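# Observations on the three-dimensional arrangement
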Amino acid sequence: MKETQFVDQNKAKWLEFEKELAQSEPKPHRVSHFYVETIDDLSFARTHYPNRLVRSYLNGLAESLSLRVQKSQKNYFRNFVQFWQRDLPLMMFEARNQFLLSFIILAVSIAIGIFSSMHDPSFANYILGDSYVKTTLANIEKGDPMAIYKDEARANMFLGITINNILVSVRTFLLSLFAGAGTLLVIIYNGVMLGVFQYFFIERGLFFESFLTIWQHGVIEISCIVLAGTAGLVLAKGILFPGTLSRLDAFRIAGRKSLVIMLGLMPLLVYSGAVEAFVTRYTEMHWSIRLFSILITFSFVLLYFVWYPRKVAQQQDWQLTFKAYLHPIQFSRFSFTKTQKNPTIIWESIRIMNLHKKTTGRALGILLLALISILTIAQHSTSSFYLYQSSLVGIAMFFNYSASPIFLIHFCVLFTALVLSQMLNSKHAKNAPFGTSAWKKNRGAIILASLVFALIFSFGYSYGSFVILTLLLFPAVGLFLATLNNEDGQFNFQKFWKWLKSSFGRLLSLVFILSAVIFLGSLLIQFVFGELFPQLLSSLISTQDHSSFINYLASYLAMAILFFAFYFVLFSSIGLSFFSIQEIQTAQNLKQRIHESFPDTGFASSQNPNLLSSSKLNRA
């Protein structure tokens with residue numbers, strides 16, 4: 001490309017950058033985005049026009065933008081306010097179609113619930129449960145139809161309701177991973193239940209009383225279901241319709257968008273739980289006060305989630321804001337020669353799995369065949385899988401259910417994940433030996449680690465101390481395997497121990513981040529295989545024994561796949577962290593880059609060789 005063509009192509013963009021810099025308070029997210037684009041243009045100019053004015057111009061522009069970026073210090077309070085003033089409203093405007101679709105589906109489902117109750121009096125018993133219907137009818141006969149909101153202690157009721165509301169919203173969001181079908185089913189189910197619930201009081205002449213009581217907290221609670229459905233549909237759109245992006249990049253961007261909406265829900269769910277626990281019980285409160293509170297909350301929902309997003313979008317260039325805020329990664333930002341943050345490392349480990357789909361698929365296929373064989377042989381000693389409890393209880397049962405061959409299952413999962421993560425990391429790393437050499441180096445350590453972790457989890461999961469011990473062991477074992485894999489057989493324990501002490505907090509944060517993802521995944525499995533799948537099987541398969549065994553088999557396989565992904569990403573991430581830890585400790589690549597930039601000064605090999613070895617200078 002000729003220099004004049006390059007300038008003409010980018011001149012308008014550079015003028016926009018200068019215009020942003022001329023402002024007294026430029027927007028940090030835009031400055032950051034402009035800086036990245038300017039650096040790209042500068043790299044191109046240094047390669048193709050090294051002695052031309054355009055290179056000097058871009059160098060000055062990049063310097064000005066760099067100073068602006070460094071000048072913009074983090075202000076957590078300002079970021080918090082900006083989230084509610086700009087980020088969440090703009091996200092709601094961008095997701096307005098999904099928001100409308102979620103609301104329409106809920107409204108239609110409410111109408112279906114009312115219509116079904118009108119034509120089938122027993123429908124309320126089926127949806128709400130016989131126990132609830134009997135209790136409410138008894139309260140109506142006593143003259144206090146809303147007494148069910150007064151039974152429990154306020155604090156316990158608040159915690160129970162809030163946790164339940166959060167779990168329902170998270171479940172609605174996570175089920176969007178099934179191409180959005182799960183999210184739609186949850187919205188429909190809650191809409192039908194709401195319609196049945198409201199009509200239950202209407203047909204008994206208690207509409208006004210129930211409306212004043214229920215909708216004090218119901219406005220926010222039902223709005224949160226619609227918003228969680230919106231977040232789920234945004235995520236599903238990224239999965240189903242990636243556009244010009246790769247499906248993985250589209251999923252990442254949609255995930256960031258939907259998480260903004262989910263974060264905005266959490267304070268509303270807490271507020272809803274507080275109102276239901278502490279305010280709803282006062283049914284003797286004058287009707288005008290209760291109606292006024294309902295109108296206030298309803299107005300807030302309309303103003304903040306419908307009117308205000310449109311107003312903010314009209315005031316700002318919202319498409320540019322999203323381009324900067326959610327700029328897609330068309331290539332990996334990971335580098336083996338620079339220090340990397342944990343989110344980048346985790347994403348790179350997922351990308352490794354995606355890059356080697358065939359190898360990962362073969363390993364997972366062999367694992368599933370082995371697990372199916374083990375579970376089929378052991379079917380006589382178990383009847384069903386314990387996922388009907390809460391998710392944490394379900395995980396505990398998965399690990400120490402005495403009537404199942406869980407030690408062997410867990411060993412197979414761990415062993416496969418460890419071997420695959422070491423082989424793919426070795427293949428992925430620059431100048432690292434190819435695939436199978438990682439297994440040859442580490443086979444003893446991999447087998448031993450798999451045995452130890454399988455034993456600890458299988459026999460000690462019910463004791464919290466064992467779980468904590470295992471979490472603390474993960475960083476040490478992962479870094480040990482990475483050191484063996486990358487040090488060409490020359491293992492230095494003193495150096496390993498020094499690196500482990502300096503990076504233990506960094507590696508432990510990786511463990512906790514991925515453990516949180518595991519918990520969310522278990523919520524999804526608990527709902528699918530603890531509630532939906534058994535009902536579907538019972539309607540399709542007449543024999544209860546076959547239905548129980550299929551549910552048992554599917555439940556174990558789903559949990560095994562979840563933990564396989566956890567172990568692979570965990571040990572792959574720790575393996576990739578090795579290069580960042582190495583750079584922090586030695587600064588070898590930083591010294592090399594400085595030496596290449598200033599070859600005549602001898603700066604990198606000056607009289608003070610330790611000048612560049614500190615982690616602070618390396619991070620800078």
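Residues numbered from 1 in each chain as written. Predicted model: local features only at pLDDT ≥ 70, side-chain atom pairs only at ≥ 80, totals over all residues. Heavy atoms only, no water.

Along its length, the chain carries 23 helices and zero strands. Per-residue burial over the chain gives 46% buried out of 620 residues. Taking the intrachain contacts of the chain between residues at least 6 apart in sequence as the baseline, contacts between residues at least 24 apart amount to 79%. (Helix = DSSP H or I, 4+ residues; strand = E, 2+ residues; numbered from the N terminus. Buried < 20%, exposed > 50% of the residue type's maximum accessible area, 1.4 Å probe, protein only. Contact = heavy atoms within 4.5 Å.)

Side chains bearing opposite charge may pair, as long as their charged atoms lie close to each other. Tallied over the entire structure, the rule returns seven salt bridges. Residue glutamate 94 pairs with lysine 257 through a salt bridge whose shortest N-O separation is 3.0 Å. Of this pair, glutamate 94 sits in helix 4 (residues 76–94) while lysine 257 sits in helix 11 (residues 247–278), and the two are 163 residues apart along the sequence. The buried category is assigned to lysine 257, whose relative accessible area is 16%. (Salt bridge = Lys/Arg side-chain N within 4 Å of Asp/Glu carboxyl O.)

A surface patch of nonpolar side chains, about 450 Å² in accessible area, is lined by Leu100, Phe103, Ile104, Val108 and Ile112. For phenylalanine 103, the location among the structural elements is in helix 5 (residues 96–119). (Patch = residues over 30% accessible without salt bridge, like charges linked within 9 Å, V, L, I, M, F, W, Y side chains within 5 Å. Areas by Shrake-Rupley, 256 points an atom, 1.4 Å probe, with all protein chains shown as cover.)

Attention now goes to the packing of aromatic side chains. For the coordinates displayed, the defined rule picks out 28 aromatic pairs. Put simply, the rings of Phe80, Phe83, Trp84, Phe300, Tyr304, Phe305 and Tyr308 touch in pairs and so form one group of aromatic residues. Stacked on the ring of phenylalanine 93, the Lys or Arg arginine 96 has its end atom at 4.1 Å from the ring centre. The ring centre of phenylalanine 200 lies 4.0 Å from the NZ or CZ of arginine 204, which sits over that ring. (Phe/Tyr/Trp six-rings, centres within 6.5 Å; stacked < 30°, edge-to-face > 60°. Lys NZ or Arg CZ within 6 Å of the ring centre and 35° of its normal.)

This paragraph deals with the packing of helix 10 (residues 207–240) against helix 11. Contact geometry for helix 10 and helix 11: axes closest at 8 Å, N-to-C directions at 175°. By the angle between their axes, helix 10 is roughly antiparallel relative to helix 11. Across the contact of helix 10 with helix 11, the residue classes break down as 19 nonpolar, seven polar and four charged. (Axes fitted to C-alpha atoms, helices over the stretch in contact; angles between N-to-C directions. Parallel < 35°, antiparallel > 145°, perpendicular 65-115°, else oblique. Nonpolar A, V, L, I, M, F, W, Y, C, P; charged D, E, K, R; others polar.)

Looking now at unusual backbone geometry. With a phi angle near 55°, alanine 179 is a residue other than glycine that sits in the positive phi range. Along the polypeptide, alanine 179 turns up in the loop between helix 8 (154–174) and helix 9 (181–202). Looking at alanine 179, the relative accessible area reads 40%, which means it is partly exposed.

Once that is clear, we can look at the packing of helix 9 against helix 10. Taken N-terminus to C-terminus, the directions of helix 9 and helix 10 make an angle of 175°; their axes are 11 Å apart at the nearest point. Comparing the axis directions of helix 9 and helix 10 gives the class roughly antiparallel. Listed contacts from helix 10 to Thr183, Leu184, Ile187, Asn190, Leu194, Phe197, Gln198, Phe201 and Ile202 of helix 9 are Phe207, Ser210, Phe211, Ile214, Trp215, Ile222, Ile225, Gly229, Gly232 and Leu233. Each residue belonging to the contact of helix 9 with helix 10 can be placed in one class, and the counts come to 13 nonpolar, six polar and no charged.

The next subject is helix 12 (residues 287–315). In this model helix 12 runs 40 Å from its N-terminal to its C-terminal C-alpha over 29 residues, within 8% of the 42 Å that 1.5 Å per residue would give. Regarding helix 12, the residues found buried are Arg290, Ile294, Thr297, Val301, Tyr304, Phe305, Pro309, Val312 and Ala313. (Expected span 1.5 Å × (residues − 1).)

Attention now moves to the environment of threonine 470. In this structure, threonine 470 sits in helix 19 (residues 464–486). Threonine 470 sits 17 residues away from phenylalanine 453 along the chain, and the two C-alpha atoms are 7.2 Å apart.

Right, let's get into the environment of leucine 233. Within the element layout of this structure, leucine 233 appears in helix 10. Overall, the relative accessible area of 8% leaves leucine 233 in the buried class. In this structure, the C-alpha to C-alpha distance between leucine 233 and leucine 175, residues 58 residues apart in sequence, is 9.8 Å. Dropping the residues within four chain positions of it, leucine 233 is found in contact with Gln98, Leu101, Ser102 and Leu184.

Our next topic: the nonpolar core. Ranked by size, the top nonpolar core spans 62 residues in total, and within it Phe474, Leu479, Tyr567 and Phe571 carry the most contacts. Elements supplying a minimum of two residues to this core: helix 14 (342–355), helix 15 (357–377), helix 17 (406–428), helix 18 (436–460), helix 19, helix 20 (493–540) and helix 21 (544–586). It is helix 21 that contributes the most residues to this core, 20 residues altogether. In this view, phenylalanine 571 contacts Leu414, Leu418, Ser421, Gln422, Asn425, Phe453, Phe474, Val477 and Gly478; residues no more than four positions away in its chain are not counted. (Core = buried A, V, L, I, M, F, W, Y, C linked by side-chain atoms within 4.5 Å.)

This part is about the side chain of asparagine 10. Structurally, asparagine 10 is set in helix 1 (residues 3–22). Take asparagine 10: its relative accessible area is 8%, and that puts it in the buried class. Of note is the side chain of asparagine 10, whose polar atom sits 2.9 Å from the backbone oxygen of phenylalanine 6. (Polar contact = N/O pair within 3.5 Å; in protein donor to acceptor, adjacent residues only side chain to side chain.)

Take empty space enclosed by the protein next. One pass over the structure, following the stated rule, counts three cavities of 30 Å³ or more. By volume, the largest cavity amounts to about 50 Å³. Surrounding the largest cavity, Gln422, Asn425, Ser426, Ala429, Ala482, Asn485, Asn486, Gly575, Leu576 and Phe579 form its lining. Secondary-structure elements contributing two or more residues to the lining of the largest cavity are helix 17, helix 19 and helix 21. Class assignment of the residues belonging to the lining of the largest cavity gives a composition of four nonpolar, six polar and no charged. Every residue lining the second largest cavity is listed: Ser117, Asp120, Pro121, Phe123, Ala124, Val196, Tyr199, Phe200 and Glu203. When residues of the lining of the second largest cavity are traced back to their parent elements, those giving at least two are helix 6 (123–128) and helix 9. Looking at the lining of the second largest cavity, the element that brings in the most residues is helix 9, giving three residues. Residues that form the lining of the second largest cavity fall into these classes: six nonpolar, one polar and two charged. (1 Å grid on protein atoms, 1.4 Å probe; cavity = no way out; pocket = protein on both sides within 12 Å on 5 of 7 lines; lining within 4 Å. Points joined across faces, edges and corners; volume = space filled by probe spheres on them.)

Here the focus is the side chain of threonine 297. On the secondary structure map, threonine 297 appears in helix 12. With relative accessibility at 7%, the residue threonine 297 sits in the buried group. A polar contact of 2.9 Å, which involves the side chain of threonine 297, links it to the backbone oxygen of isoleucine 294.

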